Amino acid sequence: MILKITKGTRKNIVSYGKYTAKAMHLNTITMDDVCKEIESNCSAKSSDVELVLRELVDVLKHHLQEGHRVQLPHLGTMKMDIESKAFDNPKDFNPAEHIKRCKISFIAKSYKGRQTLLDDIKIDKVITDQ
């Protein structure tokens, strides 16, 4: 993992004038990259892996839209959430007016408070903004 150290420059935030560390993301891994890597690690063909992953996306979408939580072993749990504007009376609720956005929340699998997807992370490099 590569970190970037930056100084807060916005006066209206708590970290103004102070330094914070942020994770750097240098590459984007595509579905094709994932399929080829899985193919190289097992006997499944890349096209078969892609078919299964595309179907997984469709199944996840269906269940999330139905209001289900989807729990995947070793990965975590996903659920649909909304952000809403405040309103005075439940009778006044209008989805088009009050729902600001829908989003998917992902809670990584954890064991005794440790997210297992983060096991073995090493800081390889630190870049400063100076």
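Let me sum up the structure you'll find in this document. Residue numbers restart at each chain and count upward from 1, following the sequence in its written direction. The model is predicted, so local features are restricted to residues of pLDDT at least 70 and side-chain atom pairs to those at 80 or more, both for listing and for counting; the totals for chains, interfaces and linings are taken over all residues. Values shown for side chains rest on all heavy atoms present in the structure; no hydrogens or waters enter the calculation.

1. Some words on the sheet that holds strand β2 (residues 19-24)
Quick note on the threshold: Being paired, for any two strands, means DSSP has found at least two bridges between them. Think of it this way: any DSSP run of H or I at least four residues long counts as a helix, any run of E at least two long counts as a strand, and we number them from the N terminus. The angle between two axes is taken between their N-to-C directions and runs from 0 to 180 degrees, where each axis is a line fitted to C-alpha atoms and a helix contributes only its stretch in contact.
With mixed pairing, the three strands of this open sheet are ordered in space as β2-β1-β8. Two strands in the sheet have a free side with no partner beyond their single neighbour: β2 and β8 (125-128). The average undirected angle you get between the axes of adjacent strands in this sheet is 30 degrees. Here strand β1 (residues 2-7) pairs with β2 via six bridges, running antiparallel. Across the sheet, the residue bridging to I2 is M24, located in β2.

2. A word on the environment of I121
Considering the arrangement of structural elements, one finds I121 in the loop between β7 (114-115) and β8. In this structure, the C-alpha to C-alpha distance between I121 and I99, residues 22 residues apart in sequence, is 37 Å.

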